[in-house]
Amino acid sequence: MKHSLWVLALSLLSLGCAARKEMSAPMSAPGREYERNQHYSRMAAESTSSSADYSPAPAPVMVSTGGSTEKKEYADEEVSADKMRPTDDRGPESTPADPAKPETPAQPNPSPTVRPSIARMIIYAARLVVNVLEPDKSMEAALALMTKMGGFLSQRNNLYIEIRVPSALFFDYVREVEKMGIVVQRTISSEDVTEQFADLTLRLGNLKVMRTRLIALLELAKTVEDRLAIERELSRVNGEIDAISGRLRMLQNLVDFATIQLQFVPRQEGGPVTPEKLATPVWWVKSFDVSNLFGGQR
Amino acid sequence: MKHIIISLFLLGFAACGHVNFDPPEGFIELRKSHTVLRLVASDASALRVTWRENKKNGTTQFWAEIFKRELTEFKGYKLVKEEPFREKAGVIFELLAPYNNSEFHYTVAVLTNEDDVYVIELGAEKAVYDKHRKAFLDLVTTIYKDEIK
């Protein structure tokens, strides 16, 4: 038994996670150790179902190709569709390639060193400044369109809003807003986070395998020193799993919902209505407007 | 001595101002400078007279066109009516302008002669516009008689 413990410890070292030898913590009560073991066993069981939460969503399919905005079709760019799980697949993981599948120490380690194949993941964002005659009505129309498309309001400040809309409808929304007035500023950006997402998913899978092994080791450990060392390592691994899980959730959210910053500018206060025309050459003529008259600014 | 000279100069400068007119009925004089006279009514309607020195070839037609372009094409105001004032002495634009989530009447008269360009503005809510339009026309007529003719 002692020999098998050493073998398991060496396998941990091969994963880059050697147990630390410095053990100086006070001895725990046997009942408390039992509870802790049960807790880690439950966590290991939970990890098998939670890892499915980070499957990438299918990339957005751009509906239209009209206008000046940049559009790409990503739906056909999946590396290997047979390995990809859809977002709504929340079932228990049982595929051989599943990195989080719990194992017993006696079995060989199918370490998930192969990066999981996922669809292309793009974060879309846009900033639009639109010159309109009736900003309030335009704002209401923009918010109504957002609700209709399944988006939500992130921030509002007078005639400025920041909204999130499903990525699949991103270009549709931008196109509709552009029809509301004259676009005086348009910035559209996209960030490909496919590689970042794949790396994090791979790391998460490795950490979950490591946690399963540590839990198995903990059950076999005989001395208090061994148990303390393994628990310390478990704590570190759990911390990393939580951090990566959070990062993956955030990335998934940014991919699922594009961010659009929208500013409506009244025509009498904003930029030129017809930007392609030359501005009035006599400077003082430009200062005549109704807001200056009522505001007494001149 | 220096202060006295400056004071005299400023007094003389103010005395020969081009926008020294009596306020029409319903308006009080709120602010006056050498080139701008601002008048307000109790319902927040506003009148403003602006004077500028004219340039060579600065005809009424030239100034009318430049104002019309600025107000309709760049400010986006809706032109309701455009009519000449005293033949070629000036032009009056009646516009609708959005302001504070509402639409206001905004009327601009441009009067010119060889030396001067006068711009007279009236801004008012729709409900009180007709009442103040007479005061506006009275002021335009006064300026025409005193300065342009």
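To keep things clear, this report deals only with the structure shown in the data block. Just so we're clear, the structure is a prediction, and the values are computed from it rather than from any experiment.

Take the packing of helix H5 (residues 194–220) of chain A against helix H6 (residues 224–256) of chain A next. Residue and element names in this part refer to chain A. Contact pair H5 / H6: the axes reach a minimum separation of 9 Å and the direction vectors enclose 155 degrees. Taken together, the axis directions place H5 and H6 in an arrangement best described as roughly antiparallel. Seen along the crossing, H5 lies across H6 with a hand that is left-handed. Looking at the contact of H5 with H6 residue by residue, the classes come out as 16 nonpolar, five polar and nine charged.

Attention shifts here to the interface of chain A and chain B. Many descriptions give the size of an interface as the accessible area lost when the pieces come together. At the interface, 30 residues of chain A touch 32 residues of chain B. Buried area between chain A and chain B, both sides added, is near 2,800 Å², and the carbon and sulfur share of it is 59%. For the pair chain A and chain B, the interface holds zero salt bridges. Our enumeration of links across chain A and chain B arrives at seven residue pairs in polar contact (both at pLDDT 80 or more). Sorting elements by how many residues they give to the side of chain A that touches chain B places helix H7 (residues 290–295) of chain A first, with six residues. Residues of the side of chain A that touches chain B, tallied by class, amount to 14 nonpolar, 10 polar and six charged.

Applying the stated criterion to the full structure yields 18 salt bridges over all chains. A network of salt bridges, in which partner residues are shared, links Arg203, Glu233, Arg236 and Glu240 of chain A.

Turning to helix H3 (residues 126–148) of chain B, a few remarks are in order. At His132 of chain B, H3 of chain B shows its maximal bend, which comes to roughly 40 degrees. Looking at H3 of chain B, one finds that the buried residues are Val128, Tyr129, His132, Arg133, Ala135, Phe136, Leu139, Val140, Thr141, Ile143, Tyr144 and Ile148 of chain B.

All names here are of chain B. Ordered by their spatial adjacency, seven strands build an open sheet running E1-E2-E3-E7-E6-E5-E4, and the pairing between neighbours is antiparallel. Across the chains shown, the open sheet's two edge strands, defined by having one partner strand only, are strand E1 (27–32) and strand E4 (78–85). When strand polarity is set aside, the average angle formed by the axes of neighbouring strands in this sheet is 20 degrees. Pairing geometry for E1 and strand E2 (residues 36–41), over five bridges, is antiparallel. Bridge assignment links Lys32 to a residue of E2, and that residue is Leu37. Where helix H2 (residues 60–74) meets the sheet, it contacts E4, strand E5 (90–99), strand E6 (102–112) and strand E7 (116–124), and its direction lies at approximately 10 degrees from that of E5. Its contacts with the sheet place H3 against E1, E2, strand E3 (46–53), E4, E5, E6 and E7, and it is angled at close to 165 degrees to E7.

The next subject is the pairing of strand E5 (residues 257–266) of chain A. Residue and element names in this part refer to chain A. Most of E5 sits inside the fold, with seven of its 10 residues counted as buried. In terms of strand pairing, strand E1 (residues 122–132) meets E5 through eight bridges, oriented parallel. Opposite Val132, over in E5, you have Pro266 as the bridge partner. Across seven bridges, the pairing between strand E3 (residues 160–166) and E5 is antiparallel. Note that in E5 the partner of Arg164 across the bridge is Thr259.

What counts as what
Residues numbered from 1 in each chain as written. Chains lettered and ligands numbered in written order. Predicted model: local features only at pLDDT ≥ 70, side-chain atom pairs only at ≥ 80, totals over all residues. Heavy atoms only, no water. Axes fitted to C-alpha atoms, helices over the stretch in contact; angles between N-to-C directions. Helix = DSSP H or I, 4+ residues; strand = E, 2+ residues; numbered from the N terminus. Parallel < 35°, antiparallel > 145°, perpendicular 65-115°, else oblique. Left-handed = near helix turned anticlockwise from the far one by under 90°. Nonpolar A, V, L, I, M, F, W, Y, C, P; charged D, E, K, R; others polar. Contact = heavy atoms within 4.5 Å. Buried area = accessible area lost by both parts, 1.4 Å probe. Salt bridge = Lys/Arg side-chain N within 4 Å of Asp/Glu carboxyl O. Polar contact = N/O pair within 3.5 Å; in protein donor to acceptor, adjacent residues only side chain to side chain. Bend = angle between axes of the 7 residues up to and from the residue. Buried < 20%, exposed > 50% of the residue type's maximum accessible area, 1.4 Å probe, protein only. Pairing = 2+ DSSP bridges.

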